[in-house]
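As a plain string of letters, each chain reads:
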Amino acid sequence: MYRILKKRTLGQDIREYVVEAPDVARVGKAGQFIVLRLHERGERIPLTIVDCDPETGGVTLVVQELGKSTREMGDRFHEGDTILDFAGPLGKATEVEDYGTVVCIGGGVGIAPLYPIAKALKGAGNTVIGIIGYRNRDLMIYHDEFSATCDELIVMTNDGSYGGKGFVSDPLRELLESGRKIDHVWAIGPAIMMKVCSEITREFSVPTTVSLNSVMIDGTGMCGGCRVEVGGVAQFACVDGPEFDGHKVDFDLLMSRQGYYAEEEACSLERYLAESTDGEKGAS
Amino acid sequence: MREQEAAVRVGNFDEVPFGYTEDEAVEEAARCLQCPKAPCVDGCPVGIDIPGFIEHVKNRRFDDAIATIKAANALPAVCGRVCPQESQCQGVCTLGIRFEPVAIGRLERFCADWEADHEVCRPEIEPDTGKRIAVIGAGPAGLTAAGELRRRGHSVTILELLHVAGGVLMYGIPEFRLPKAIVRREIDTLCDMGIDIEVNQVVGQVRTVDELLDGGFDAVFVGTGAGLPRFLGVPGENLNGVYSANEFLTRTNLMSAYLFPEYDTPIKVGERVVTVGGGNVAMDASRTALRLGAGTSMIVYRRSEEELPARAEEVHHAKEEGIDFRLLTNPVEFLGEDGRLVGVRCIRMELGEPDESGRRRPVPIDGSEYVIEAETAVIAVGNGPHPLVPQTTPGLDLTRWGNIVADPETGQTSKPGVFAGGDIVTGAATVIQAMGAGKRAAAAIHTYVVNGFT
């Protein structure tokens, strides 16, 4: 059993948890992930590590409540409560070195796992330019952390409610067209965002790393459900990744596979919401 | 043995054979000739005193019968159900030359189930030796090694990657063939003996084998199995609807997807399911597909019926349940629309000259391609070694396939204090072979920790 040490709301349907898992906190690195299971009937949920604190044994995760399991976690799992299963760290860590000038691009909830990468790259001596994008200003997670870490920071919102209006790919293109020397790009966020960013950086031949969150069960190489095509070869996101060369990833396949269980996910969420409403009625 | 009718059982996940009654078991036991040379014992990978336990059954001394089995085999309820008896003990039964061999597996199962209802057999444990042994992987090899080592008085900790112990017995073999309650019962017996099982342990990432040895363990046994699914490498294999058998069975067994949405993990089968392969896993997957609601479930296998590697009983049950066997057939492409599987293009095969395995090599027949329409395909063509421990343990010699090199008699690897056994060494084999390796390694580990050498 793994205790929730801290929980806070970062934005609408986005929460941050610090879970007590000393073994993971001791060795977990930026770019790696964990798998958790809330309870006996739960699914195994892969989540990318945001922070590890070996002192407190805490592992920080940021969860967007999109489906049944993440919503249930938000509704029913509070500070002091325990999570049944928590395994990690899994996958390969980010290759952190001094590249020179790097751009870290984050979209939505992908900004959270990008943060430790940006921090580590900064620590390794890189000049770090951050480009982070949100749907609107109410969802602005990890903005202060990026402000404190990046040498330069560009913030975009889709509706223009904060910073520039548009997508993260817009300032990326401007930056590359300006002729400034960029040595490496990280892009973490929705598959479509990573795809567009990778297409832009390919034009300018800037090496680009993306982190793929495909559907998986065990997270340790056993199911093969997370397979993606990289350079035309099938790779397992869980053990060969989750970070890959963005110029070689077949993003259309990734998006197709991410959507395979959409009907089941909708059914599960609907059922959960109906039950929750009944529960509230019963309690009142 | 009495069993569920095929038409009924394809609608549930309950176990297929009901098991013997006491009278049926005694009657079957009476058929044993009690051969002085007992070829069956040599046929058993863990060397159970088969005539001995059968004689006890015949005399209705069921407590003595199970004690006799358990002296050699820690998991009889499992082995009685999943061992390929026809190629082991029953395959060499003297009676089998002229008649049906004694149903040794069914008798073993009977004794184990009888014990579960009576709780008699408490394994004796030697006084504590003060030696600590880490077992990595709670599958058949690891559980067996752990049980044997604990009996000799050592302190044993099992480190398991998944959230439950049991390995392939829990994630792979379906409920209708091996009820999970039975696996849990066998594991509970080991815990009662004082074995410590820690789940969710990512050995290799969190603790390496070297850290275990430096951190107070006197020896390490690696039994991490063949968990890495193989694919065919043909076009379209990454379409939605194409599963590895590992994923298909793990969703269903370990995550209880057959109870979705009561349980959170979903699975999709569609109307038509094609399973590729001819082993036990292929039989399990195709029969699971029927129980998940598929209208038709097909096996596509590139060799002929004679070469099917599955247990005879599984093939028999699959046929009874209406699995459509397309033998001498091989997939060449998975066809999709909008990213989803709609069909499997196959080619007919014929058998040519024997290959290195001694079996006749299947050769494609030109121009014989045809399409099988299907919404789901399951690839059951074997698994490679689980990579985590081999990749994170310096000094461990590996084969070119990534299996750990270990002495077949002792499990000793190239690294002092590190032993290995089961599928991580041999490649995918059977439960009982892994158990045999775990047992032999336990004997060697005992010698090693007591004497300092094997």
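What you see is a predicted model; the values in this text were computed from it and never measured.

Concerning the overall build of chain B
Okay, so step 1: Of regular secondary structure, chain B possesses 17 helices and 16 strands.
Okay, so step 2: For 454 residues, the compact-globule estimate of 2.2 N^0.38 gives 22 Å, and the C-alpha radius of gyration of chain B, at 22 Å, lies within 12% of that figure.
Okay, so step 3: Expressed as lengths along the three principal axes of its C-alpha atoms, the size of chain B is roughly 65 × 55 × 50 Å.
Okay, so step 4: Here chain B holds 454 residues, and the buried ones make up 59% of them.
Okay, so step 5: Contacts in chain B between residues at least 24 apart in sequence constitute 69% of all its contacts with a sequence separation of at least 6.
Okay, so step 6: With the model as given, the accessible surface of chain B reaches about 17800 Å², and the carbon-plus-sulfur share is 49%.

So, the interface of chain A and chain B
Okay, so step 1: Contacts between the two partners involve 46 residues from chain A and, on the opposite side, 40 residues from chain B.
Okay, so step 2: Breaking the side of chain A that touches chain B down by element, the ones donating at least two residues are helix H1 (22-27), helix H2 (68-76), strand S8 (85-90), strand S15 (227-230), strand S16 (233-236), helix H7 (251-258) and helix H8 (262-283) of chain A.
Okay, so step 3: Here the side of chain A that touches chain B gets six residues from one element, more than from any other, and that element is S8 of chain A.
Okay, so step 4: For the side of chain A that touches chain B, the per-class residue count stands at 17 nonpolar, twelve polar and 17 charged.

Topic: the sheet that holds strand S10 (residues 127-134) of chain A
All names here are of chain A.
Okay, so step 1: Spatially, the seven strands line up as an open sheet ordered S12-S11-S10-S9-S13-S14-S17, and their pairing is mixed. Across the chains shown, the open sheet's two edge strands, defined by having one partner strand only, are strand S12 (164-165) and strand S17 (243-245).
Okay, so step 2: One ladder, built from two bridges, connects strand S11 (residues 152-157) with S12; its direction is parallel. Residue pairing across strands places Thr-157 opposite Lys-165, the latter belonging to S12.
Okay, so step 3: Against the sheet, helix H3 (residues 111-123) contacts strand S9 (101-107), S10, strand S13 (184-188) and S17, and its axis sits at roughly 165° relative to S9.

Quick word on the environment of Arg-400 of chain B
Residues and elements named next belong to chain B.
Okay, so step 1: Secondary-structure assignment places Arg-400 in the loop between helix H15 (388-392) and strand S16 (418-420).
Okay, so step 2: Look at Arg-400 and you get exposed, because its relative accessible area is 75%.
Okay, so step 3: Separated by 136 residues in the primary sequence, Arg-400 and Asp-264 have C-alpha atoms spaced 39 Å apart.

Details of the sheet that holds strand S6 (residues 242-244) of chain B
Residues and elements named next belong to chain B.
Okay, so step 1: Strand order in the open sheet formed by five strands is S6-S14-S7-S8-S9, and the pairing between neighbours is parallel. At either margin of the open sheet sits one strand with a lone partner, and together these are S6 and strand S9 (324-326). Taken over all neighbouring pairs, the strand axes of this sheet differ in orientation by 20° on average, direction set aside.
Okay, so step 2: By the bridge criterion, three bridges tie strand S8 (residues 296-300) to S9 in an arrangement that is parallel. Residue pairing across strands places Ile-299 opposite Phe-325, the latter belonging to S9.
Okay, so step 3: Taken strand by strand, helix H13 (residues 280-291) contacts strand S7 (272-276), S8, S9 and strand S14 (376-379), and its axis lies near 165° from that of S8.

Points about the environment of Gly-225 of chain B
Residues and elements named next belong to chain B.
Okay, so step 1: Following the sequence through the fold, Gly-225 ends up in the loop between strand S4 (219-222) and strand S5 (228-229).
Okay, so step 2: Since its relative accessible area comes to 18%, Gly-225 is described here as buried.
Okay, so step 3: Placed 200 residues apart in sequence, Gly-225 and Val-425 show a C-alpha to C-alpha distance of 7.9 Å.
Okay, so step 4: Not counting chain neighbours up to four residues away, the residues in contact with Gly-225 comprise Pro-385, His-386, Asp-423 and Ile-424.

Describing the nonpolar core
Okay, so step 1: Core analysis: the biggest nonpolar cluster contains 72 residues, and Ile-50, Phe-53, Ile-54, Val-57, Leu-107 and Ile-158 of chain B have the highest contact counts within it.
Okay, so step 2: Of all the elements, helix H17 (residues 431-451) of chain B adds the most residues to this core, at ten residues.
Okay, so step 3: Beyond its immediate sequence surroundings of up to four residues, Ile-54 of chain B is in contact with Ala-29, Cys-32, Gln-34, Val-102, Ile-104 and Leu-107 of chain B.
Okay, so step 4: Listed in part, the 39 residues of the second largest apolar core include Leu-90, Ile-105, Leu-172 and Ala-187 of chain A.

Cut-off values and rules
- Here the residue numbering is sequential within each chain, running from 1 through the sequence in written order.
- The lettering of chains begins at A and the numbering of ligands begins at 1, in the order of writing.
- Only residues with pLDDT of at least 70 get local features here, since the model is predicted, and only at 80 or more are side-chain atom pairs given and counted; chain-wide, interface and lining totals rely on the full set of residues.
- In computing side-chain values, all of the structure's heavy atoms are included and hydrogens and water are not.
- Only DSSP runs of H or I reaching four residues or more are called helices, and only runs of E reaching two or more are called strands; each is numbered from the N terminus.
- Computation of the radius of gyration draws on C-alpha atoms alone. For the globule rule, the value is 2.2 Å times the number of residues to the power 0.38.
- In this scheme, a residue with accessible area under 20% of its type's maximum is buried, one over 50% is exposed, and one in between is partly exposed, where area comes from a 1.4 Å probe on protein chains only.
- Two residues form a contact once any of their heavy atoms are found within 4.5 Å.
- All accessible-area figures derive from a Shrake-Rupley calculation using a 1.4 Å probe, and residue coverage is judged against the displayed protein chains alone.
- Polar here means any residue other than Ala, Val, Leu, Ile, Met, Phe, Trp, Tyr, Cys and Pro, which are nonpolar, and Asp, Glu, Lys and Arg, which are charged; Gly is therefore polar.
- For two strands to be treated as a pair, DSSP must find at least two bridges joining them.
- Each axis is a line fitted through C-alpha atoms, and for a helix only the stretch in contact is used; angles between axes span 0 to 180 degrees, taken between their N-to-C directions.
- Definition of nonpolar core: a set of buried residues of the types Ala, Val, Leu, Ile, Met, Phe, Trp, Tyr and Cys, connected through side-chain atoms within 4.5 Å.

Note that every value here comes from positions in space, so none of it alone points to a role or purpose.
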